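Now for the letters of each chain:
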Amino acid sequence: MGYVAEPFKIKAVEPIRITTPEERRAAIIAADYNNFGLSSDDVYIDLLTDSGTGALSDRQWAGLMIGDEAYAGGRSHRHLMQVTDEIFGYDWVQPVHQGRAAEKVLFPFITTPGQYVISNTFFDTTRGHVGLAGGIPVDLVCPEGGDVEVDAPFKGNIDVPRLEAFLAEHGGESVAAIVMTITNNSVGGQPVSVANMREASRVAREHGVLLVIDAARFAENAYFVKRREPEFRDASIREITRTTFALADAFTMSAKKDAIVSMGGLIAVRDRAAHPDLVAGLQANVVAGEGFLTYGGLAGRDLETLAIGLKEGLDENFLRYRLGQSEYLADRLLEDGIPHQRPVGGHGVFVDAGALLPHIPWYRFPGHALAVELYLEAGIRSCDIGSYLLDPDPVTGEPQQAVAEFTRLAIPRRVYTQSHLDVVADALRAIRDRADTVPGYQIVEQPAVLRHFTAKLRPIV
Ligand code: F0G
């Protein structure tokens, strides 16, 4: 598919600095070869994340001005509630300051220490909060999800037979919740079908287990459903969203992705009467940790931009352009023989660095090596989703090997143009041509957990 032209025009611009190769080498050395240590002033194209990095629309900027900063009962809170009600139809929706705040509110309340929490695949912070609440996170992604090569429409699905077997073996009372991450970030932004959601919902109901959606990229997921699930070919994105959310009991959302805000999140319960203790318990956690219920850790202006962003993120023309960008970049890589997760997911391209740099073993971090090289080549910032991201085994201290060595090129929303994506594809082609000169890395200093943010590394030359 060719590039889908932007369904917007540009009203404000932010200059970006073009650096020389010498400046970039000095910058990455000063950052101890860790992309998180770079100053964003030294980055030309920033593909580190699609989270909180989207461009606000003129309506959202206007919303910032009319945001109501009342401590309680604010107008912007009412606006947000009206929009969330229209989109999701849930009884209780609560703003919080970001996705992991929603997780921090939810998991300690629903998890008895020692219980399992099952997911198609947990995002890192979600897995972290399950663990902090004393739960045991279990990932049960479908077999296609773990296979970079296989072309399947819904590689983000949960493995229903394994889910049923797990519940049959352990019993519903040992499982606090099933969490469906849509789209499935950790396997490459791959979508989940409504059919799979229905199955997960059926199994959850049969065993009396709560079904929770991790809704960070729910709109992208709905667009994939429209394109790939025949039943929904003629449905609107909003109809698909309603159908999907009606299958769950609750959701957590990082609004920094598909709701296109710089900061924000939501937590929600569908049927308040069915779970009276749940809402009361979550409200207590919100008031203690986030703030009063009508602002939940956000400014009134944030609530206003979130109400507007939620609607813009569901616009079909926007989603066609948005997912068209990932497809365009992936197709350029295909032409150049650069291996990557296919079909491409929603929020970016996951390059198979292990295959592109076969001379670098997993414990020398090919995904990280490629990320550093992209910076040196063209000032592009990306990140490793591979063995470097994984902390050593907490018990044995042994390094852990990831299932795949990816470099993630996450595309911020409404920020970069076709030409920027061409710069990325050209840089990858240049690296491909000198792939055998790219060094592996060793860690010289690392913290106890979440090492990839702050570790110091050195190339092995
Ligand atoms: N769930 C998913 C699926 C996510 O991708 C993220 C964040 C979160 C929850 C946590 O939300 O950042 O607002 O606290 N993902 C970002 C990323 C950071 O780069 O993929 P948060």
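The structure presented is a predicted model; accordingly, all values stated were derived computationally and were not measured. (Residues numbered from 1 in each chain as written. Predicted model: local features only at pLDDT ≥ 70, side-chain atom pairs only at ≥ 80, totals over all residues. Heavy atoms only, no water.)

## A short note on the pattern of salt bridges
Right, on to step 1. One pass over the full model with this rule turns up 35 salt bridges.
Right, on to step 2. The salt bridge involving Glu-231 is made with Arg-198; its shortest N-O contact spans 2.9 Å. Placement of the pair is Glu-231 in the loop between helix 8 (218-228) and helix 9 (237-246) and Arg-198 in helix 7 (residues 194-206), with a sequence separation of 33 residues.
Right, on to step 3. The exposure class of Glu-231 is exposed, given its relative accessible area of 51%.
Right, on to step 4. The shortest N-O distance in the salt bridge between Asp-433 and Arg-432 comes to 2.9 Å.
Right, on to step 5. Owing to a relative accessible area of 56%, Asp-433 belongs among the exposed residues under this scheme.
Right, on to step 6. The class for Arg-432 is partly exposed, based on a relative accessible area of 30%. (Salt bridge = Lys/Arg side-chain N within 4 Å of Asp/Glu carboxyl O. Helix = DSSP H or I, 4+ residues; strand = E, 2+ residues; numbered from the N terminus. Buried < 20%, exposed > 50% of the residue type's maximum accessible area, 1.4 Å probe, protein only.)

## Let's talk about the sheet that holds strand 3 (residues 116-119)
Hydrogen bonds between backbone atoms are what pair the strands of a sheet, whose relative direction is either parallel or antiparallel.
Right, on to step 1. Sheet architecture is open: seven strands sit in the order 2-8-7-6-5-3-4, paired in mixed fashion. Strand pairing shows two members of the sheet lacking a second neighbour, strand 2 (92-96) and strand 4 (136-139), which therefore form its edges. Looking at each pair of strands side by side, their axes are set apart by 20° on average, direction ignored.
Right, on to step 2. Contacts between helix 10 (residues 276-289) and the sheet are confined to strand 2 and strand 8 (265-269), with strand 2 contributing the most and set at about 15° to the helix. (Pairing = 2+ DSSP bridges. Axes fitted to C-alpha atoms, helices over the stretch in contact; angles between N-to-C directions. Contact = heavy atoms within 4.5 Å.)

## Notes on empty space enclosed by the protein
Right, on to step 1. Under the definition given, this model contains two cavities of 30 Å³ or more.
Right, on to step 2. As a volume, the largest cavity reaches approximately 70 Å³.
Right, on to step 3. Lining of the largest cavity is provided by Asn-34, Asn-35, Phe-36, His-368, Ala-371, Ser-382, Cys-383, Asp-384, Tyr-388, Leu-389 and His-452.
Right, on to step 4. Among the secondary structure elements, those contributing two or more residues to the lining of the largest cavity are helix 14 (366-378) and strand 11 (383-385).
Right, on to step 5. Approximately 30 Å³ is the volume found for the second largest cavity.
Right, on to step 6. The leading source of residues in the lining of the second largest cavity is helix 9, at four residues.
Right, on to step 7. Of the residues in the lining of the second largest cavity, the class split is five nonpolar, three polar and no charged. (1 Å grid on protein atoms, 1.4 Å probe; cavity = no way out; pocket = protein on both sides within 12 Å on 5 of 7 lines; lining within 4 Å. Points joined across faces, edges and corners; volume = space filled by probe spheres on them. Nonpolar A, V, L, I, M, F, W, Y, C, P; charged D, E, K, R; others polar.)

## Looking at the domain arrangement of the chain
Right, on to step 1. On domain assignment, one finds that the chain holds domain 1 (21-50 + 315-460) and domain 2 (58-312).
Right, on to step 2. Between domain 1 and domain 2, the C-alpha centre-to-centre distance is 27 Å.
Right, on to step 3. Taken together, the contact between domain 1 and domain 2 spans 25 residues of the former and 30 residues of the latter.
Right, on to step 4. When domain 1 packs against domain 2, the two sides together hide about 2300 Å² of surface, and 50% of this comes from carbon and sulfur.
Right, on to step 5. For domain 1, the biggest contributors to the area lost against domain 2 are Gln-341, Pro-343 and Arg-413; these three give 23% of the whole.
Right, on to step 6. Our count for the contact surface shared by domain 1 and domain 2 stands at seven salt bridges.
Right, on to step 7. Across the pair Arg-413 and Glu-220 runs a salt bridge, and its minimum N-O distance is 3.0 Å. (Domains from an automatic or database assignment. Buried area = accessible area lost by both parts, 1.4 Å probe.)

## Some points on the packing of helix 4 (residues 99-110) against helix 10
Right, on to step 1. The N-to-C vectors of helix 4 and helix 10 enclose an angle of 130°; their axes lie 9 Å apart at closest approach. Classified by the interaxial angle, the pair formed by helix 4 and helix 10 is oblique. The hand of the helix 4/helix 10 crossing is right-handed. In contact with Val-105, Leu-106, Phe-109 and Ile-110 of helix 4, helix 10 contributes Asp-277, Leu-278, Gly-281, Leu-282, Asn-285 and Val-286. (Parallel < 35°, antiparallel > 145°, perpendicular 65-115°, else oblique. Left-handed = near helix turned anticlockwise from the far one by under 90°.)

## Observations regarding the sheet that holds strand 12 (residues 406-410)
Right, on to step 1. The antiparallel open sheet is built from three strands, whose spatial order is 9-12-11. The outermost strands of the open sheet, each flanked by one partner alone, are strand 9 (348-352) and strand 11. Pairwise comparison of adjacent strand axes, ignoring direction, gives a mean angle of 35° for this sheet.
Right, on to step 2. As judged from the five bridges shared by strand 9 and strand 12, these two strands associate in the antiparallel manner. Across the sheet, Val-351 pairs through a bridge with Thr-407, a residue of strand 12.

## Considerations on the site of the ligand
Right, on to step 1. Residues in contact with the ligand amount to 17 residues; listed here are only the nearest, Thr-49, Arg-100, Ser-254, Lys-257 and Arg-408.
Right, on to step 2. A distance of 2.9 Å is found between an oxygen atom of the ligand and a backbone nitrogen or oxygen belonging to Gly-99.
Right, on to step 3. In the environment of the ligand, an oxygen atom lies 2.9 Å from a nitrogen or oxygen atom belonging to the side chain of Arg-217.
Right, on to step 4. With three residues, the single largest contributor to the shell around the ligand is helix 4.
Right, on to step 5. Looking at the shell around the ligand residue by residue, the class counts come to two nonpolar, eight polar and seven charged. (Near = heavy atom within 4 Å. Polar contact = N/O pair within 3.5 Å; in protein donor to acceptor, adjacent residues only side chain to side chain.)

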